[in-house]
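Notes for the structure review
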Amino acid sequence: MADTPTADNAPPPSGSTSNPHSPSPDTSSSSIPQKRPYDSSDSKPNEPPKPLEPPKPLMLKSKPPREKKDSWKKKEAAAAASAHVTSHACLTTGPSSDSTAKKTVTPPQPALPPPGLQRWRLPKPQDADYEAAKPPLLVPSNVPGADIGCEFFSLTEHPKNRRGFRYIPCTASPLLPLISYLQTEVPPFQPRFAFEDTSAQVHLTRSGTTLTTSKGFRMARSNVCAREGNWYYECKIVRGINSPPFTASTPPPPTSAAQSPPITAPIGGGDAHVRLGFARREAPLDAPVGFDPYSYGLRDVNGEKVHCSRPSTFLSQSLVTGDVIGFQIYLPPLAQQRADLLSSLLPSSTTAHAAAVSILQSGDVIRDRIPIRYKNQLYFEQFEYQPAKELEEYMNPSTSSAPKNPPIAVQKLKGSFIRVYKNGKLVGTPWTDLLAFLPPCSKPNSAVGGRELDDGFVGYYPAVSVYRGGAVEVNFGPEWWCPPEAPQDVDTEMKDTGENESDSAILLPLRPFSDRYNEQIAEDILYDLIDEVDCFFTTDLMGLGLAGAAQGTSGAKKGGRKT
């Protein structure tokens, strides 16, 4: 019986050739197969066989070490530090030193163009819109003023600045047909307390220069503001903490007016208080001066200075009825203020402040406002500046250390100060380096469309707050009750501060706020003319000229630009 081919002795398949160097299989069942059988052809005669080479270790493909990325806080801190150190000092040790150095040196981003004017189509003005603006209706107040020779009134039929909006009287003008409406003044035509910028519980005289209240602390701001320069005004306490008490008649509720007699409550005497100073537009009207970071106030009790609701010793004597307190405020030039803010914004500027940087660089004044009708009277409605959340930490600091990079809202005006005079004599400088007010330090509510713009009326306003019968009369010049004396020696007159004021501030003349009233009117007219020219070259009716634009289809006034 023929043997059947197996896997060991089967002939090679047809077409295949046998390899002479291939080892022949061992059919012996007792032999152990080798990994590499020895062949005589692998070595020369009389030469020992080569030893087996050890297997090479398995080499995995190596990856470069992963670069550790910094957090956003570290990146912003490195970017801010790179503006103050040299490039070789920015290099770090380690394998990623080159890439880290390249990241810190970023090319400057191109500045955004300044924002333009916002305009709306408005109906053609009515004939009554060209009439002069009317003052508010004066209603006799329940707070008597016969003891001080004053008659107080409540203001009605007039809007108040509140809920994030500001109101300014306006009127239609045929001379500027493109913007159509102009800001105007109401009598009395003089520096005084603004009718729109007073608390509803504040009572004024007909001249608008004396105020009082029967409620708690209520504040009123003037219609003039300081933006730069050296300014002065006076306050006379006509009813203070040493005045005799009196009884104010409070009207009963409307539902029981026929059945119940008027309610009387004693006010005045030791309950009458006043606070005097300066306030920005963000300061609330239902709080005293010095309540928050937006105001600086002088308290009548012990003559203490108050800022952020924190009183501290200043005069060590109270302010009583008959005292005349003068306030001098110095603010550096607007060009210097913008330069200081830009130096703080540019090293760590982000897209959030890109528009503010362009505004500061251009120095434009843009007024976002629209005319509305209230009680058959025209007013400009515009966004009001709102308190910033960043100043909450400034007002109530935590126990931890101050941040290395403070927010832009707490930037200071270097060289600025407020001086206090009592009966014409300089008594000290309670505040220096006031908080900056130019946007983005002041900004409206962006959720309703407000933009971080300078509307030309942002600054520090003379402000007075009264409490339960306290009354104050203001004098904005140019004639003074107690003319202020010139400081003889700044170093000896400075109190509670360790800094000296600049010589340029001392040499500037002391100007009354009455001059600022006329300047504001001139500036507003200039802004209106620039708006009209700007609208003429940007409106779609440019080809029709002024005659076609006067048909009432032109855009409304929205802003102003300062050149």
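Above this note sits the structure.
A brief report on the enclosed structure follows. (Residues numbered from 1 in each chain as written. Predicted model: local features only at pLDDT ≥ 70, side-chain atom pairs only at ≥ 80, totals over all residues. Heavy atoms only, no water.)

Attention now moves to empty space enclosed by the protein. Using the criterion set out here, one finds 2 cavities of 30 Å³ or more in the structure. Every residue along the wall of the largest cavity is listed here: Arg281, Ile366, Arg367, Asp368, Gln382, Phe383, Tyr385, Pro444, Arg451, Leu453 and Asp455. In the lining of the largest cavity, the residues fall into 5 nonpolar, 1 polar and 5 charged. By volume, the second largest cavity is sized at about 30 Å³. Broken down by class, the residue content of the lining of the second largest cavity amounts to 4 nonpolar, no polar and 3 charged. (1 Å grid on protein atoms, 1.4 Å probe; cavity = no way out; pocket = protein on both sides within 12 Å on 5 of 7 lines; lining within 4 Å. Points joined across faces, edges and corners; volume = space filled by probe spheres on them. Nonpolar A, V, L, I, M, F, W, Y, C, P; charged D, E, K, R; others polar.)

Pairing within the open sheet is antiparallel, and its 7 strands lie in the order β5-β8-β23-β12-β13-β14-β15. On the outer flanks of this sheet lie β5 (193–198) and β15 (310–312), each paired with one strand and no other. Taken pair by pair, the neighbouring strands of this sheet meet at an average axis angle of 30°, ignoring direction. (Pairing = 2+ DSSP bridges. Helix = DSSP H or I, 4+ residues; strand = E, 2+ residues; numbered from the N terminus. Axes fitted to C-alpha atoms, helices over the stretch in contact; angles between N-to-C directions.)

Every other side chain in a regular strand lies on the same face of the sheet, so the side chains alternate between the two faces. Most of strand β16 (residues 324–331) is tucked away: 8 of the 8 residues are buried. Going residue by residue along β16, you find Val324, Gly326, Gln328 and Tyr330 tucked away on one face and Ile325, Phe327, Ile329 and Leu331 tucked away on the opposite face as well. Relative to β16, strand β9 (residues 229–239) runs antiparallel, the two being bridged by 8 bridges. Counterpart to Lys236 in the pairing with β16 is Val324. (Buried < 20%, exposed > 50% of the residue type's maximum accessible area, 1.4 Å probe, protein only.)

Here the focus is the environment of Asp368. Along the chain, Asp368 turns up in the loop between α4 (354–362) and β17 (369–374). Residue Asp368 is classed as buried on the basis of its relative accessible area of 11%. On a C-alpha basis, the gap between Asp368 and Leu117 in space is 7.6 Å, while along the polypeptide they are 251 residues apart. Polar contacts involving the side chain of Asp368 include one to the side chain of Arg451, which spans 2.9 Å. (Polar contact = N/O pair within 3.5 Å; in protein donor to acceptor, adjacent residues only side chain to side chain.)

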